[in-house]
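Chain and residue survey
Each chain is listed here by its residues.
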Amino acid sequence: MTPRADDPRPDRPIAVHPDPAPIDLARTLDLSGHAWKAVRSPEALERLAPEGGWGAAVVDCTEDPEGAWAMCRALRELEPAVDRVLVLVTGAQVDDLATRDHLYRDFCLAPAHPRELDARLRHLVAEAGDADPSSIIHHAGLELNLETYQAACDGRPLDLTYMEYELLAYLAQHAGKVVSRETLLSRVWGYEYFGGARTVDVHVRRLRAKLGEEHAHLIQTVRSVGYRLVQVRHSR
Amino acid sequence: MRGDRREYVLHTIEERGIRLVRLWFTDVLGNLKSFAISPAEMENALQDGMTFDGSSIDGFSRVQESDVLALPDADTFEVLPWVDPKGAEARVFCDIANLDGTPFEGDPRRVLRRNLAAAREMGYGCFVAPDVEYFYFAPPTPGSRPVPLDEGGFFDLTSTDIASSLRKETIRTLESMGIPVEYSFHEDAPSQHEIDLRHTDALTMADGVMTFRMVVKEIAALHGVHATFMPKPLEGVQGSGMHLHLSLFRGEDNAFHDPSDPYQLSTTAKSFMAGLLRHAAEITAVTNQTVNSYKRLVPGFEAPVHVSWARNNRSGLIRVPVPKRDNPLATRIEYRSPDPACNPYLAFAVILAAGLRGVAEGYELPAEADANLFEMPDETLAKLGIDQLPPSLSDALRAMERSELVAEALGEHIFEWFLRNKRAEWRGYKTHVSQYEIDHTLRSL
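So, a few notes on the structure that sits alongside this text. Fair warning: this is a prediction, and the values are worked out from it, not measured in the lab.

This part takes up the overall build of chain B. Counting its regular elements, chain B contains 13 helices and 16 strands. For 445 residues, the compact-globule formula gives about 22 Å, and the C-alpha radius of gyration of chain B, at 22 Å, lands near that figure. With the C-alpha coordinates aligned to their principal axes, the bounding extent of chain B is approximately 65 × 55 × 50 Å. When the 445 residues of chain B are sorted by exposure, 47% land in the buried category. A separation of at least 24 residues holds for 70% of the contacts in chain B among residues at least 6 apart in sequence.

Residue and element names in this part refer to chain A. A sheet is described by the order of its strands in space; here 3 strands give the open sequence β10-β12-β11, paired in antiparallel fashion. Two strands in the sheet have a free side with no partner beyond their single neighbour: β10 (179-180) and β11 (219-222). Sheet analysis places β10 next to strand β12 (residues 226-229), joined by 2 bridges and oriented antiparallel. By the bridge assignment, V179 is partnered in β12 with Y227.

Residue and element names in this part refer to chain A. Among the 5 residues that make up strand β4 (residues 85-89), 5 are buried, leaving the element largely enclosed by the rest of the structure. Covered by surrounding structure in β4 are V85, V87 and V89 together with L86 and L88, the residues of both alternating faces. Alignment of strand β3 (residues 56-60) against β4, held across 4 bridges, turns out to be parallel. Residue pairing across strands places V58 opposite L86, the latter belonging to β4. The parallel pair β3 and β4, bridged by helix α3 (residues 65-77), forms a crossover whose chirality is right-handed. Examined bridge by bridge, β4 and strand β5 (residues 106-109) share 4 bridges and lie parallel to one another. Looking at the pairing, L86 lines up with D106 of β5.

Further remarks concern the interface of chain A and chain B. Chain A puts 25 residues into the contact, and the matching count from chain B is 29 residues. At the level of elements, α6 (162-173) and α8 (198-211) of chain A are the ones that each hand at least two residues to the side of chain A that touches chain B. No other element matches α8 of chain A, which puts 6 residues into the side of chain A that touches chain B. Tallied by class, residues from the side of chain A that touches chain B come to 11 nonpolar, 7 polar and 7 charged.

Right, let's get into unusual backbone geometry. With omega at 5°, the peptide bond leading from H17 of chain A into P18 of chain A counts as cis. Along the chain, P18 of chain A turns up in the loop between β1 (14-17) and α1 (23-32). Cis geometry marks the peptide bond from A110 of chain A to P111 of chain A, where omega comes out at -5°. On the secondary structure map, P111 of chain A appears in the loop between β5 and α5 (114-126). For S191 of chain B, which is not a glycine, the phi torsion comes out positive at approximately 65°.

Before going further, it helps to examine the nonpolar core. Residues A202, M273, F348, A349, V350, I351 and L410 of chain B are the most contacted members of the largest nonpolar core, which totals 97 residues. If one sorts the elements of this core by residue count, helix α8 (residues 344-360) of chain B sits on top with 12 residues. The next biggest cluster of nonpolar side chains, apart from the first, holds 55 residues, and it includes L158 of chain A together with I18, L46 and F77 of chain B.

Here we come to the environment of S260 of chain B. Residue and element names in this part refer to chain B. Mapped onto the fold, S260 is located in the loop between β13 (253-254) and α6 (267-287). Taking the C-beta count within 10 Å as the criterion, S260 has 6 such neighbours and is therefore assigned exposed. With 78 residues separating them in the primary sequence, S260 and E182 have C-alpha atoms 29 Å apart.

Turning our attention to the pairing of strand β6 (residues 136-139) of chain A. Residue and element names in this part refer to chain A. A one-sided burial pattern is seen for β6, the buried positions being I137 and H139 and the unburied ones I136 and H138. Pairing of β6 with strand β7 (residues 142-145) involves 4 bridges; the strand directions are antiparallel. Across the sheet, residue I136 finds its bridge partner in β7, namely N145. As consecutive antiparallel partners, β6 and β7 are separated by 2 residues, and within that stretch A140 has a phi angle of approximately 45°, a positive value.

Reading guide: rules and limits
- Residues numbered from 1 in each chain as written.
- Chains lettered and ligands numbered in written order.
- Predicted model: local features only at pLDDT ≥ 70, side-chain atom pairs only at ≥ 80, totals over all residues.
- Helix = DSSP H or I, 4+ residues; strand = E, 2+ residues; numbered from the N terminus.
- Rg over C-alpha atoms; globule rule 2.2 N^0.38 Å.
- Buried ≥ 20, exposed ≤ 12 C-beta atoms within 10 Å, placed from the backbone.
- Contact = placed C-beta atoms within 7 Å.
- Pairing = 2+ DSSP bridges.
- Right-handed = clockwise from strand over helix to strand, strands pointing away.
- Nonpolar A, V, L, I, M, F, W, Y, C, P; charged D, E, K, R; others polar.
- Core = buried A, V, L, I, M, F, W, Y, C linked by C-beta atoms within 7 Å.

That's the geometry; what it means functionally is another story.
What follows is the structure, given as structure tokens:
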């Protein structure tokens, strides 16, 4: 089983940046009954990660935006990735959000009203409690249902073969990360597969053809390394 | 691996509301055959295969028993794009087995699999990219000559519009079925078109060629047009070929590439080419399997006649395209005689067998023939040791019949059946009195 980024385990703690956590945020988190830990840096994020990974993250971008966005990127790159990320921004920072669309799932204007923050946090964590959304990956117009093996692009079902589906699912589960051909071969095809990395290239080409001109670019070639599902926008 | 092919297929049938699953396979002559099963039967079919009577399929019939098993290859399961979504249909390619589960020797897909396994034994994976040519005509009526769309009056739209919109729709459908297209264009002859497919492994590509031919014909038919892969439908203009771009890979590496060689060709590539050249005559009946095929293989129409190779000489049998940029992966050879009316499984199988024989036995590649061979007198060609391809189906069958290589590549069952069937075709043709003879001799003799 490939670890699923969106595994709904309500008991998994929330990562909070910066460390120490802003006092209002800490209070709201405590009152709402969330388990959480403050993390100072990407290193701390990895070091303090609980078994089973972080359940979600709240990142306050108001004090040190650069460090905060770096933290968001680090959350993405974790294994498994954390994509339930709520960012706190000032009114002046709202414009920055557009270009960082892929780094957060929800945002809240700071200073945040405790009740709004509480509601957003509940929503962020509770999304996991929907009708098993753990098995549904949304990504830039793509939707993959890991339970039913169905993929759709802008609501249009994609007719994929098994290997094409598996390849897309793997890339989507590691969205934003460069995955090497070798990794894809071993994780998607299995080591016993004969045919080498050319097989991966050929399947990527087929997937792009099926995604159509408009979405073919979603699968990006990273020269002499591998492929990555690019993050364009979060389609919710 | 996370999932399971069968589960994937069964889920997709359920989720997409598939009404029928079409089991596809190919007869010995390369015709697509199919029977449909209900979704409920699919689980069983994936598990144990579906029994059917093979005696009605060309080349499947045998004396002892006629029942065979169709075993769906779950990797090829796909929802068909052109059917009404309310009653969606899917297709899956099948391998054919005997009732005891052993591979059925009359199944072309098995023949290709067996030859690919032999290549794998030697450490090679085989990649193919075909350039397929075909014609669009007005729907044929019995006894009439083909009418190209370009000859005005057939459509209100100008013919270029209808043909290029047909081609565009075809390409869209192919791409949605996972058959990526490299280039496409209107060819030299009236109403002739070419679609070049991107390379993939040989088995997938053989399946792809079957799908391709069906899609081209289906989409044309939807618009009241007849698409044909007949090798030479019109006299005096180019015929339709299916040039095959071939390469062997050893793991990550293109086994045909050697940067230190002036041609960038490895020893493997050279002996593969030598194998193809030495056995070309023997495999031609398979790559060019109709009487009509040999009317394409004549001088003057960019089709090969001579058994030779060159880098940029389109009169040769093998062309070595010069890669646009220094890209080791792009090194390949282009085998130019096959036509799109062949059985792609069998054609790929004999081509691979001929090339690999050259590799295994270290054949020496003859010198490049870069002059225009059509202009050379026969004595010069003979001095250079340049043979010609068989000039007729009959000659090709004679060369094939003596070939231990082709017998081995195809297996005895298909080898025997093919020769028998094609000799009958030749006999039928030989007794036909053509318009040519009437025109040229009725009055003068």
